[in-house]
Amino acid sequence: QVHIQESGGGVVQAGGSLRLSCTATGLHFESYVVGWFRQRPGKEREGVACVSWSGGTTIYADSVKGRFTVSKDNANETAWLEMSQLNREDTGMYFCGLVHHDGLRIARCFYDGMDYWGEGTLVSISS
């Protein structure tokens, strides 16, 4: 069966950096677009970043452009979200989702559904 697993969350001071990872089992990882979403306290879930199946195209929410970098390593079947210049508004639960590339245009990544989801990893910004 398919299983998606995020890791790397934790507590970091404002201005610091954190790197999240996403791994998947039970599917052909190379064929999937990977999206990162988050749910901040008291707010709805929102798209953060997406990377195309090949890793060659990325999109970002305006709130994280220039601070976050999403990447995909098909050889090691891992996707990454590198976060820097973190602030209190970045606090929340971060989720990794996968959708087959035949079922999604990258520009629609934040709006169309994912095929599979992880259970999330908590990111908390202190100070």
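Fair warning: this is a prediction, and the values are worked out from it, not measured in the lab.

Draft legend 1. Highlighting the sheet that holds strand β1 (residues 3–7). Taken in spatial order, the four strands of this open sheet run β1-β3-β8-β7, and their pairing is antiparallel. Of all the strands in the sheet, the pair left with one neighbour each is β1 and β7 (68–73). Geometrically, the sheet is characterised by an average inter-axis angle of 15° between neighbouring strands, direction not taken into account. Bridge count between strand β3 (residues 18–25) and strand β8 (residues 78–83): six bridges; the pairing is antiparallel. Bridging across to β8, Thr 23 finds its partner in Thr 78.

Draft legend 2. Seen up close, the state of the cysteines. One pass over the full model with this rule turns up two disulfides. Covalently, Cys 22 is tied to Cys 96 through a disulfide, its sulfur atoms 1.9 Å apart. Linking Cys 22 and Cys 96, the disulfide has an S-S dihedral of approximately -70° and is accordingly described as left-handed. Note that Cys 22 is positioned in strand β3 and Cys 96 in strand β9 (residues 92–100), a separation of 74 residues in sequence. Classification of Cys 22 as buried rests on a relative accessible area of 0%. Its relative accessible area of 0% is what places Cys 96 among the buried residues. There is a disulfide in this structure between Cys 50 and Cys 109, and the S-S distance comes to 1.9 Å. Here the disulfide of Cys 50 and Cys 109 is left-handed, its torsion about the S-S bond being about -80°. Here the residue Cys 50 occupies a position in strand β5 (residues 46–51), and Cys 109 occupies one in the loop between β9 and β10 (116–117), the gap between them amounting to 59 residues. Cysteine pairing in the protein chain follows 1-3, 2-4, where each cysteine in a disulfide is numbered by its order in the sequence.

Rules and cut-offs
Residues numbered from 1 in each chain as written. Predicted model: local features only at pLDDT ≥ 70, side-chain atom pairs only at ≥ 80, totals over all residues. Heavy atoms only, no water. Pairing = 2+ DSSP bridges. Helix = DSSP H or I, 4+ residues; strand = E, 2+ residues; numbered from the N terminus. Axes fitted to C-alpha atoms, helices over the stretch in contact; angles between N-to-C directions. Disulfide = S-S within 2.5 Å. Buried < 20%, exposed > 50% of the residue type's maximum accessible area, 1.4 Å probe, protein only.

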